[in-house]
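The chain contents come next:
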Amino acid sequence: MKKRKFYFRTLVGAGLIAAAAAFPAFADNWIHQENGWVCKTADGYMQTGWYQDKNNGGKWYYLWPEAGNRLGCMQTGWLQKDGKWYFFDTRSGSSGAMLTGWQWIDGKCYYLDPAAGGAMAISNTLSDGSRVGSDGAWVDGSGNAVYQAGKGIPGSGNTVNSNTNTNTSQNQSSDTSKKSKRPAWWDNENLTEVQKVAKDFVNNYIADDMTDFEKEMEIIQYMVQNITYDYDNFLEETVPGTSYGTTGALLYGTAVCAGYTDTFTLLADACGLETMEVSGEGNGVGGWGGHAWNKIKLDGEWYHVDVTWEDPIMNGDPENGYGYGNLRNEYINITDSKMAKDHRWTAKEPACKATKYGRSAVSKYMKKRY
């Protein structure tokens with residue numbers, strides 16, 4: 001069975017440029033990956049370095065710019081950058097944004113100067129007469145740490161703790177813990193093309209009375225049916241940037257593992273499902289190499305799902321015959337122990353130990369569905 005290509009908005013050449021101008025990105029999306037929160041554009045590109053979220057009150061964030069497991073992850077706690085110190089909120093329920101002004105942190109009061117881009121003031125007398133010492137803490141004439149009403153955040157209930165936690169709870173559009181919640185872009189008129197495809201998918205394939213597992217199965221079948229691994233470019237080491245994100249997957253029908261992973265995240269988000277992205281390695285063609293896949297939360301338990309490897313290259317032919325009504329059922333909702341046979345990753349939480357929606361449940365669903 002060859003793959004049937006449908007529900008794609010295929011754009012080529014100048015048509016893609018025109019479409020991009022007609023559908024500007026509405027908002028970047030915050031996504032909870034295994035190593036922390038990352039922010040990606042609507043086309044799947046990861047933000048790094050200093051980042052201002054104009055859709056969240058213009059707050060500033062620092063997204064880890066160096067390659068590795070923390071690439072793109074939101075910094076929380078203290079950050080030393082270019083000889084200056086900054087602080088990013090660590091309190092439960094906070095957005096992880098950079099704090100400014102007087103802040104009470106670990107029992108001391110610091111002034112994070114808005115006029116200096118949020119950098120901590122040190123060894124200085126401020127305009128209001130307050131003095132900060134060499135460690136940045138507000139001190140009296142004897143050098144003792146002090147606190148005054150109106151400066152900082154007093155009290156154990158609201159005191160900021162400096163422990164860095166890249167998994168800080170994030171109140172962003174990617175929070176899909178409530179099944180009924182739609183992503184922030186859902187009701188916006190200026191959707192990007194990939195968002196339009198995601199919305200069309202939900203409208204055509206997802207019913208309100210479906211369980212989360214049934215929604216997931218529709219997502220996987222849709223992706224395996226309509227996306228082909230960008231095999232030729234992979235062999236020639238000429239993979240275009242679009243194949244690393246949702247643009248290649250949903251507009252051109254070709255992607256590599258990063259594109260499959262981001263697309264699963266996008267469609268799951270549109271369905272109100274809670275997922276994470278995992279960066280690690282897979283033992284595939286040529287041995288171990290960089291790889292990405294997803295985790296999904298079903299009935300309170302986490303599972304691995306690797307749609308890229310669920311849609312394999314068969315004898316060098318990406319048109320492998322899998323799709324609707326015909327899945328390999330090898331990499332859907334599996335445990336850590338099974339995943340570890342040919343995948344490896346650093347951050348192990350949340351653990352994937354459940355089997356309720358594993359291979360047996362997938363087989364039963366497919367038989368019932370078809």
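Residues numbered from 1 in each chain as written. Predicted model: local features only at pLDDT ≥ 70, side-chain atom pairs only at ≥ 80, totals over all residues. Heavy atoms only, no water.

1. Regarding the nonpolar core
Judged by nonpolar contacts, the single largest core of 50 residues is most densely connected at Phe201 and Ile219. At the level of secondary structure, the elements contributing two or more residues to this core comprise helix H2 (193-205), helix H3 (212-226), helix H5 (246-252), helix H6 (257-270), strand E16 (287-298), strand E17 (301-305) and helix H9 (359-369). With residues near it in sequence (within four places) discarded, phenylalanine 201 still touches Ile206, Glu218, Ile219, Tyr222, Leu267 and Cys271. (Core = buried A, V, L, I, M, F, W, Y, C linked by side-chain atoms within 4.5 Å. Buried < 20%, exposed > 50% of the residue type's maximum accessible area, 1.4 Å probe, protein only. Helix = DSSP H or I, 4+ residues; strand = E, 2+ residues; numbered from the N terminus. Contact = heavy atoms within 4.5 Å.)

2. As for the pattern of salt bridges
Scanning the model with the defined rule gives seven salt bridges in all. Of the charged contacts in the structure, one is a salt bridge between aspartate 262 and lysine 40, with a shortest N-O distance of 2.5 Å. Of the two residues, aspartate 262 sits in helix H6 while lysine 40 sits in strand E2 (residues 36-40), which places them 222 residues apart along the sequence. Both residues of the pair, aspartate 262 and lysine 40, count as buried. Close ionic contact of glutamate 274 with lysine 297 constitutes a salt bridge, the shortest N to O distance being 3.9 Å. (Salt bridge = Lys/Arg side-chain N within 4 Å of Asp/Glu carboxyl O.)

3. What about H3?
End to end, H3 covers 21 Å across 15 residues, agreeing with the expected 21 Å (1.5 Å per residue, within 8%). With 14 of 15 residues buried, H3 is to be regarded as a mostly interior element. (Expected span 1.5 Å × (residues − 1).)

4. A look at H6
Taking 1.5 Å of rise per residue, the 14 residues of H6 would be expected to cover 20 Å, and the 20 Å separating its terminal C-alpha atoms lies within 8% of that figure. Just past H6, the residue glycine 272 takes up positive phi, approximately 80°.

5. Quick word on the side chain of threonine 263
Considering the arrangement of structural elements, one finds threonine 263 in helix H6. From its side chain, threonine 263 meets the backbone oxygen of glycine 259 in a polar contact 2.7 Å long. For threonine 263, the contacting residues outside a window of four places in its chain are Met223, Ile227, Gly245, Thr246, Ala249 and Leu250. (Polar contact = N/O pair within 3.5 Å; in protein donor to acceptor, adjacent residues only side chain to side chain.)

6. Brief notes about the packing of aromatic side chains
Counted under the stated rule, the structure contains 21 aromatic pairs. Ring centres of tyrosine 205 and tyrosine 222 lie 5.6 Å apart, and the angle between their planes is 65°; on these two criteria the pair is classed as edge-to-face. Pair noted here: tyrosine 205 is in helix H2 and tyrosine 222 is in helix H3, with a separation of 17 residues, a long-range link. Judged by its relative accessible area of 16%, tyrosine 205 falls in the buried class. Assessed through its relative accessible area of 1%, tyrosine 222 is described here as buried. Seen in terms of ring centroids, tyrosine 229 and phenylalanine 234 are 5.9 Å apart; in terms of plane orientation they differ by 75°. Their pairing is edge-to-face. The exposure class of phenylalanine 234 is partly exposed, given its relative accessible area of 40%. (Phe/Tyr/Trp six-rings, centres within 6.5 Å; stacked < 30°, edge-to-face > 60°.)

7. Comments concerning the sheet that holds strand E11 (residues 131-132)
Strand order in the open sheet made by the three strands is E10-E11-E12, with antiparallel pairing throughout. In this open sheet, the two strands that pair with only one neighbour each are strand E10 (124-125) and strand E12 (138-139). Sheet topology note: the E11/E12 ladder contains two bridges and is antiparallel. Looking at the pairing, valine 132 lines up with tryptophan 138 of E12. (Pairing = 2+ DSSP bridges.)

8. Concerning unusual backbone geometry
Where the residue is not glycine, phi is negative for most of them; where a peptide bond is considered, it is trans in most cases. Even without being glycine, serine 123 reaches a positive phi, approximately 45°. Within the secondary structure, serine 123 sits in the loop between strand E9 (119-120) and E10. One non-glycine residue, aspartate 299, lies in positive phi territory at about 50°. With respect to the element layout, aspartate 299 can be found in the loop between E16 and E17.

9. Focus: the sheet that holds strand E15 (residues 275-284)
Across the sheet, which stays open at both edges, the five strands sit in the order E18-E17-E16-E15-E19 with antiparallel pairing between neighbours. Single-partner strands in this sheet number two, and they are strand E18 (332-334) and strand E19 (343-345). This sheet shows a mean twist of 45° between the axes of neighbouring strands, independent of strand direction. Pairing between E16 and E17: five bridges, direction antiparallel. Opposite asparagine 294, over in E17, you have valine 305 as the bridge partner. Relative to the sheet, H3 contacts E16, E17 and E18, its axis offset from that of E18 by approximately 125°. (Axes fitted to C-alpha atoms, helices over the stretch in contact; angles between N-to-C directions.)

10. A few points about the confidence of the model for the protein
Averaged over all residues, the pLDDT of the protein equals 77, while 78% of them reach at least 70. No element of the protein has a lower mean pLDDT than helix H1 (residues 14-22), at 27, and none a higher one than E17, at 97. Below a pLDDT of 50 lies the segment residues 1-26, which in the model reaches 71 contacts outside its immediate sequence neighbourhood of four places, other chains included. Counting interchain partners and residues more than four positions distant, the pLDDT-below-50 stretch residues 164-180 has 66 contacts. (pLDDT = per-residue confidence, 0-100.)

11. What to know about the packing of H3 against H9
Across the interface, H3 lies against H9 with an axial gap of 11 Å and an inter-helix angle of 75°. The angle between H3 and H9 falls in the class roughly perpendicular. On the side of H3, the interface is formed by Phe213, Glu214, Met217, Glu218 and Gln221, while H9 contributes Ala361, Val362, Tyr365, Met366 and Arg369. Looking at side-chain class alone, the contact of H3 with H9 contains six nonpolar, one polar and three charged residues. (Parallel < 35°, antiparallel > 145°, perpendicular 65-115°, else oblique. Nonpolar A, V, L, I, M, F, W, Y, C, P; charged D, E, K, R; others polar.)

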